[in-house]
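# Structural characterization, general
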Amino acid sequence: MNLINQQRWGLIAGLLAAISFGLSAPLISLVSRSSSPLVIAALLYLGAGLALLLVRLVIPRSNGECGVQRRDFPSLLGLTALGGIVGPLCLVQGLSLLSAGSVSLLLNLEAVFTLLIAVLIGREHLSRRGLIAAFLILFGAVLLTNGSWSGASLYGTLFIAIACLAWGIDNNLSQRLSLRDPLQVSLLKAIGASVPMVLLALITGGLFPGWQLSLILVAIGSVGYGLSIWLDLVALRHLGAAREALVFSTAPFVGLIFSLVVLSEPFSNGMAMASALMLLGVVVLLKENHAHRHRHSALRHAHRHYHNQSGADPHHIHDHSSEDEVEVLGQAFWHSHSHEHVEIEHEHPHVSDVHHRHNHSDAAVPKQNT
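Residues numbered from 1 in each chain as written. Predicted model: local features only at pLDDT ≥ 70, side-chain atom pairs only at ≥ 80, totals over all residues. Heavy atoms only, no water.

### Considerations on the overall build of the protein
Let me state the cut-off plainly: Only runs of H or I of at least four residues qualify as helices and only runs of E of at least two qualify as strands under DSSP, and these elements are numbered from the N terminus. Buried, partly exposed and exposed residues are distinguished by accessible area as a fraction of the type maximum, computed with a 1.4 Å probe on protein chains only: under 20%, between the cut-offs, and over 50%, respectively. Here, residues are in contact when the closest pair of their heavy atoms is within 4.5 Å. In these tables, accessible area is a Shrake-Rupley quantity obtained with a 1.4 Å probe, and a residue counts as shielded only by the protein chains included in the view.
Across its full length, the protein holds 11 helices and 4 strands. Counting across all 370 residues of the protein, residues that qualify as buried make up 54%. Long-range contacts, defined here as pairs at least 24 residues apart, represent 89% of the contacts in the protein between residues at least 6 apart. When the accessible surface of the protein is summed, it comes to about 16800 Å², and 64% of that surface belongs to carbon and sulfur atoms.

### Focus: the pattern of salt bridges
Operational definition: Salt bridges are defined as contacts in which a side-chain nitrogen from Lys or Arg sits within 4 Å of a carboxyl oxygen from Asp or Glu.
Following the criterion strictly, the structure yields 3 salt bridges and no others. Two residues, Arg180 and Asp72, come together in a salt bridge whose shortest N-O distance is 2.7 Å. Within this pair, whereas Arg180 is found in the loop between helix H7 (151–176) and helix H8 (182–203), its partner Asp72 is found in the loop between helix H2 (37–58) and helix H3 (73–95), the two being separated by 108 residues in sequence. Here Arg180 matches Asp72 in class, with each residue buried. The shortest N-O distance in the salt bridge between Asp170 and Lys189 comes to 2.6 Å. Here the residue Asp170 occupies a position in helix H7, and Lys189 occupies one in helix H8, the gap between them amounting to 19 residues. Overall, Lys189 belongs to the buried group, its relative accessible area being 5%.

### A word on a nonpolar patch on the surface
Counted only if it meets this: Residues qualify for a patch when their relative accessible area is over 30% and they have no salt bridge, like charges being joined within 9 Å and the nonpolar side chains of Val, Leu, Ile, Met, Phe, Trp and Tyr within 5 Å.
Nonpolar side chains collect at one region of the surface, where Leu46, Leu50, Leu53, Ile191, Val195, Leu199, Leu202 and Ile203 lie side by side and expose about 710 Å² of accessible area between them. Of all the elements in the fold, those that place two or more residues in the nonpolar patch are H2 and H8. The element that contributes the greatest number of residues to the nonpolar patch is H8, accounting for 5 residues. Take Ile191: it is sitting in helix H8.

### Re the packing of H2 against H8
For the record, the criterion: What counts as an axis is a line fitted to C-alpha atoms, over the stretch in contact for a helix, and the angles between N-to-C directions run from 0 to 180 degrees. Left-handed is the label given to a crossing in which the near helix is rotated counterclockwise from the far helix by less than a right angle, and right-handed is the label when the rotation is clockwise. Residue polarity follows a fixed list, in which Ala, Val, Leu, Ile, Met, Phe, Trp, Tyr, Cys and Pro are nonpolar, Asp, Glu, Lys and Arg are charged, and the others, Gly among them, are polar.
Taken N-terminus to C-terminus, the directions of H2 and H8 make an angle of 145 degrees; their axes are 8 Å apart at the nearest point. Judged by the twist between their axes, the crossing of H2 over H8 is left-handed. Between H2 and H8, the residues in contact are Leu38, Val39, Ala41, Ala42, Tyr45, Leu46, Ala48, Gly49, Leu52, Leu53, Val55 and Arg56 and Leu183, Gln184, Ser186, Leu187, Lys189, Ala190, Ala193, Ser194, Met197, Val198, Leu200 and Ala201, respectively. Class assignment for the residues of the contact of H2 with H8 results in 18 nonpolar, 4 polar and 2 charged.

### Description of the nonpolar core
Selection rule: The set of buried Ala, Val, Leu, Ile, Met, Phe, Trp, Tyr and Cys residues whose side-chain atoms join them within 4.5 Å is what this entry labels a nonpolar core.
If you look at the biggest cluster of nonpolar residues, it comprises 63 residues, and the most contacted ones within it are Ile28, Tyr45, Leu91, Leu107, Ile160 and Tyr225. Broken down by secondary-structure element, the contributors of at least two residues to this core are helix H1 (3–29), H2, H3, helix H4 (100–106), helix H5 (109–120), H7, H8 and helix H9 (211–248). No other element matches the 14 residues that H9 contributes to this core. In contact with Leu91, other than residues within four places in its own chain, are Val103, Leu107, Ile160, Ala163, Trp167 and Tyr225. With 9 residues, the next largest nonpolar core counts Val112, Phe253, Met271 and Met278 among its residues.

### Overview of H3
Structurally, the α-helix is built with 3.6 residues per turn, so residues lying three or four positions apart point the same way. For clarity, the threshold we go by: By definition here, a helix of n residues has an expected span of 1.5 Å times n minus one. Throughout, bend refers to the angle between the axes fitted to the seven residues that end at a position and the seven residues that start at it.
With 23 residues, H3 should cover 33 Å at 1.5 Å per step; its first-to-last C-alpha distance of 31 Å lies within 8% of that length. A bend of about 30 degrees at Gly87 is the largest found in H3, and the proline Pro88 appears one to four places after it.

### Quick word on the packing of H3 against H8
Quick reminder of the rule: Oblique is the label for every angle not falling under 35 degrees (roughly parallel), over 145 degrees (roughly antiparallel), or within 65 to 115 degrees (roughly perpendicular).
It is at 9 Å that the axes of H3 and H8 come closest, and there the two elements cross at 55 degrees. Judged by the angle between their axes, H3 and H8 are oblique. Like other packed secondary-structure pairs, H3 and H8 cross with a definite hand, here right-handed. Contacts between H3 and H8 pair Leu76, Leu79, Thr80, Gly83, Gly84, Ile85 and Leu89 from the former with Val185, Leu188, Lys189, Gly192, Ala193 and Met197 from the latter. Residues belonging to the contact of H3 with H8 are distributed by class as follows: 8 nonpolar, 4 polar and 1 charged.

### Concerning the state of the cysteines
Operational definition: Two cysteine sulfurs form what is called a disulfide whenever their separation falls within 2.5 Å.
Scanning all chains against the criterion turns up 0 disulfides. A disulfide-free cysteine, Cys90 has its sulfur positioned 9.8 Å from the sulfur of Cys164, the nearest such atom. Since its relative accessible area comes to 11%, Cys90 is described here as buried.

### Topic: the confidence of the model for the protein
The test is simple: For every residue, the pLDDT score states the predictor's confidence, bounded by 0 at the bottom and 100 at the top.
Put simply, the protein has an average pLDDT of 77, and 71% of its residues get 70 or more. Predicted confidence for residues 147–152 stays below pLDDT 50, and this span has 6 contacts to residues more than four positions away or in other chains. Counting contacts from residues 362–370, a segment whose pLDDT is below 50, to residues more than four positions away or on other chains yields 23 contacts.

### What about the packing of aromatic side chains?
Let me state the cut-off plainly: Aromatic pairing here means that ring centres of Phe, Tyr or Trp (its six-membered ring) are within 6.5 Å. Orientation follows from the plane angle: under 30 degrees is stacked, over 60 is edge-to-face, and everything else is tilted.
Counted by the stated rule, this structure contains 4 aromatic pairs. Consider the rings of Phe21 and Trp167, whose centres lie 5.4 Å apart with planes at 85 degrees: the pair is edge-to-face. With Phe21 in helix H1 and Trp167 in helix H7, this residue pair connects regions lying 146 residues apart in the sequence. Note on accessibility: Phe21 and Trp167 belong to one class, buried. Ring plane angle 85 degrees and centroid distance 5.8 Å describe the contact between Phe21 and Tyr225, whose orientation is recorded as edge-to-face. Taken as a pair, Phe21 in helix H1 and Tyr225 in helix H9 lie far apart in primary sequence, 204 residues in all.

Written out as structure tokens, the structure is:
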């Protein structure tokens, strides 16, 4: 699989993750007042854990992936607490104060926060075009308040904004772990979030809804959170956090369309303007094409990678010791082991994934749309 095919698979995985999550928000809104945010969030992530356990039974560990290591635990703890607990709790609370359609559009703030953190802290490259797109999305989100900055509109917007900030940090932490087994990371996150919330809900006497509604929430969580988290980690691996953000920003539009068509929610002029600005922002980002000559510094790490005789992936041409326990039979194969990246300079289309965090100085000016 060459680099272009990997990016294409990352794009497909990101879109599927966006669709799964985008549909979950309006569905959760239907039951957001049936119980406390803690109980609802706990059931959602319980469903996520159960779904990922089933996937784990189908996809064994012998698929060449690199497992989570001890030094990954701080990042794993952070993304579990923020993305698995804080984000869902604030989302459910915001859904109880705003319409599903408004929440669906406000969720585009996640893309803005993810982009800003990835560029300012994670050293990912974002062009002037990307900054313009982020401004369009943010301005569209502001329009959703429809001129009201008091009462439920303000508080609901703040809860959704906090959820999006938590998920923005979560996405960047997850990108650090994207070279690990994405299914294992997703499963640990789901279990690490669901178990404490379920226990806390039981200890505090949280009122669980009836078994039918509980099963509905578990089902929503299995797809909207479980499968979505897993696929999103695959997208983060192949696209980087910044570009993953623009792909995942399609999720709110999925939720908005569902809210309008299925839930028959009204479509206001403010929502129309906000939709246009956010859609324009996504289109501007999708037009970005990044290719230039760049230099890779020497690096040693472990992750799943690909080999074949033609050397289709120039980043992974290295020798294998007997300790690696790999079989080279003249055919392409996937495997994981600790390996060295030698210093190399070349030119090809790329995104800001783990292998492409390089300086964009005058000496390496991109040739296209940067």
